[in-house]
Amino acid sequence: MTTVPTRYLGSLAVSAQGLGCMGMSHGYGTTDDTQSIATLHHALDLGVTLLDTSDYYGSGHNEELIGRAIAGRPRDEVVLATKFGFANSLGEPTLIRGDAAYVRQACEASLRRLGVDHIDLYYQHRVDPSVPIEETVGAMAELVREGKVRHLGLSEASAQTIRRAHAVHPIAALQSEWSLWTRDLEAEIAPVCRELGIGLVPFSPLGRGFLTGQYSSVDKLEATDIRRSQPRFADGNLERNLAIVAKLNELATAKGVTAGQLALAWVQHRGQDVVPIPGTRRQRYLEENLAALTVELSPQDLAAIEAAAPSEQIAGTRYDSTSLTFVDN
């Protein structure tokens, strides 16, 4: 029995909260395929339909992992979202490609790794500044006509790029970072998406786990954890951001929820067209995240949360300077 309500990304029906799968293959330290597959199965059993991956996560490992997890289950039980655009493997110099030939090549490879005949939501992971967006989306639209892809998405795209892309083929979803400590898209990008009927898929809605209040330093993070190199976890910035989390924790305690649930509920309350994709490898955190769907926030609650975490007081940029160059502006 489905326990998760439905929301829409364009015309695509999905669970009101999805599952971000990147951390099952890289980014946050040691991975465990058996544990991850059990969590994927548990998510589907609880009514989560949207599974989010990319050909870049684990250099293809993540798609293969999800393919193994969904093998033998009804295909219509899962809304598979994956991405293309990083033409390099992990650890290599970053190369973004959006040319038509690469779009097709990447899609065929993803279909093989996932073990399916179609992708429900296909995103361009990062915009290629050297290729007109019309060429990229035109090639993606060809995949739709061939039945290999059902819906199209963009990730970390600017308002202007979104308009140009949508003029070529309807865009169902924009995936970008959105949380209490990353609100860049609110001024211009979110309004354009709403004008065009494009759903919003916030990744890192818990600030890469920081807003859960579990991290007081990077010392306990594994050497391979990407957060060790991110500005908001750096000395000086970390302490200032921890003060904000402490205030959120006070508000959460008063409501009888965790700080993470409060932060996630805030994202869920941004609108019925918002479908966050918190990531986890563990079933207990999956359940905790899903419980945020039942947290009701009054206008007074929302005002108190935003007063506790004013965007102008977040210390540090959300990416390092190199990674920021790949965000479409």
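Further up the page is the structure itself.
Residues numbered from 1 in each chain as written. Predicted model: local features only at pLDDT ≥ 70, side-chain atom pairs only at ≥ 80, totals over all residues. Heavy atoms only, no water.

1. What about the pattern of salt bridges?
No. 1: This model, assessed by the stated rule, comprises 23 salt bridges.
No. 2: Of the charged contacts, one joins Glu134 and Arg164 as a salt bridge, the two residues approaching to 2.8 Å between their closest N and O atoms. One end of the pair, Glu134, is in helix 4 (residues 133–145); the other, Arg164, is in helix 5 (residues 159–168), with 30 residues separating them in the sequence.
No. 3: Accessibility expressed as a relative area gives 35% for Arg164, which makes it partly exposed. (Salt bridge = Lys/Arg side-chain N within 4 Å of Asp/Glu carboxyl O. Helix = DSSP H or I, 4+ residues; strand = E, 2+ residues; numbered from the N terminus. Buried < 20%, exposed > 50% of the residue type's maximum accessible area, 1.4 Å probe, protein only.)

2. Side note on the pairing of strand 8 (residues 171–177)
No. 1: Counting buried residues along strand 8, 7 of its 7 residues qualify, which places the element largely inside the surrounding structure.
No. 2: Looking at chain direction, strand 7 (residues 149–155) and strand 8 are connected through 4 bridges and run parallel. Residue Leu154 lies in a different strand from strand 8, and its bridge partner there is Leu174.
No. 3: Running through helix 5, the crossover from strand 7 to the neighbouring parallel element strand 8 is right-handed.
No. 4: Across 5 bridges, strand 8 lies against strand 9 (residues 199–203) in parallel orientation. In the sheet register, Glu177 faces strand 9, and the bridge partner there is Phe203.
No. 5: A crossover connection joins strand 8 to the parallel strand 9 through helix 6 (residues 189–196); in handedness this β-α-β unit is right-handed. (Pairing = 2+ DSSP bridges. Right-handed = clockwise from strand over helix to strand, strands pointing away.)

3. Side note on the packing of aromatic side chains
No. 1: Across all of its chains, the model carries 3 aromatic pairs by this definition.
No. 2: Ring geometry for Trp181 against Phe210: centres 5.0 Å apart, planes inclined by 10°, an arrangement best described as stacked. Of the two residues, Trp181 is situated in the loop between strand 8 and helix 6 and Phe210 in the loop between strand 9 and helix 7 (237–255); the sequence distance between them amounts to 29 residues.
No. 3: The ring of Trp181 has Arg232 sitting right over it, with the charged end atom 5.0 Å from the ring centre.
No. 4: Positioned over the ring face of Trp266 is Arg270, at 4.1 Å from the centre of the ring. (Phe/Tyr/Trp six-rings, centres within 6.5 Å; stacked < 30°, edge-to-face > 60°. Lys NZ or Arg CZ within 6 Å of the ring centre and 35° of its normal.)

4. A short note on the sheet that holds strand 3 (residues 19–20)
Hydrogen bonds between backbone atoms are what pair the strands of a sheet, whose relative direction is either parallel or antiparallel.
No. 1: Spatially, the 7 strands line up as an open sheet ordered 3-4-5-6-7-8-9, and their pairing is parallel. The sheet is open, and its two borders are formed by strand 3 and strand 9, each paired with just one other strand.
No. 2: Two strands pair when backbone bridges link them, and strand 3 and strand 4 (residues 50–52) are joined in this way by 2 bridges, in the parallel orientation. Counted as the bridge partner of Gly20 is Asp52 from strand 4.

5. Some thoughts on the nonpolar core
No. 1: Counting 81 residues, the largest nonpolar core has Leu19, Leu51, Ile162 and Leu174 as the members making the most contacts within it.
No. 2: If you look at the next biggest cluster of nonpolar residues, it comprises 16 residues, including Val14, Tyr123, Ala173 and Val275. (Core = buried A, V, L, I, M, F, W, Y, C linked by side-chain atoms within 4.5 Å.)

6. Regarding the side chain of Asp55
No. 1: When you line up the elements, Asp55 lands in the loop between strand 4 and helix 2 (61–70).
No. 2: Within the buried core, Asp55 has no salt-bridge partner, and the shortest N-O distance to an opposite charge, that of Arg113, equals 4.4 Å.
No. 3: Discounting residues that sit within four places of it in the chain, Asp55 has contacts with Gly60, Glu63, Thr82, Lys83, Phe84, Phe86, Tyr102, Ala106, Ser110 and Arg113. (Lys, Arg positive; Asp, Glu negative; His and termini not counted. Contact = heavy atoms within 4.5 Å.)

7. A word on the environment of Gly20
No. 1: Residue position: Gly20 is located in strand 3.
No. 2: Residues Gly20 and Phe203, 183 residues apart in the sequence, show an inter-C-alpha distance of 7.5 Å.

8. What to know about the packing of helix 1 (residues 33–46) against helix 9 (residues 283–291)
No. 1: Where helix 1 meets helix 9, the axes come as close as 9 Å, and the angle between the chain directions of the two elements is 30°. Judged by the angle between their axes, helix 1 and helix 9 are roughly parallel. Pair helix 1 / helix 9 crosses with right-handed handedness. Here Ala38, Thr39, His42, Ala43 and Leu46 of helix 1 lie close against helix 9, whose contacting residues are Gln283, Leu286, Glu287 and Leu290. (Axes fitted to C-alpha atoms, helices over the stretch in contact; angles between N-to-C directions. Parallel < 35°, antiparallel > 145°, perpendicular 65-115°, else oblique. Left-handed = near helix turned anticlockwise from the far one by under 90°.)

9. Some points on the state of the cysteines
Throughout this description, disulfide means a covalent bond between two cysteine sulfur atoms.
No. 1: Applying the stated criterion to the full structure yields 0 disulfides.
No. 2: The thiol of Cys21 is not disulfide-bonded; the next cysteine sulfur, from Cys107, is found 18 Å away. (Disulfide = S-S within 2.5 Å.)

10. Observations concerning helix 9
No. 1: Every buried residue of helix 9 is listed here: Tyr285, Leu286, Asn289 and Leu290. Down the axis, helix 9 shows its buried residues gathered within 140° of arc, on one side only. (Arc of directions from axis to C-beta.)

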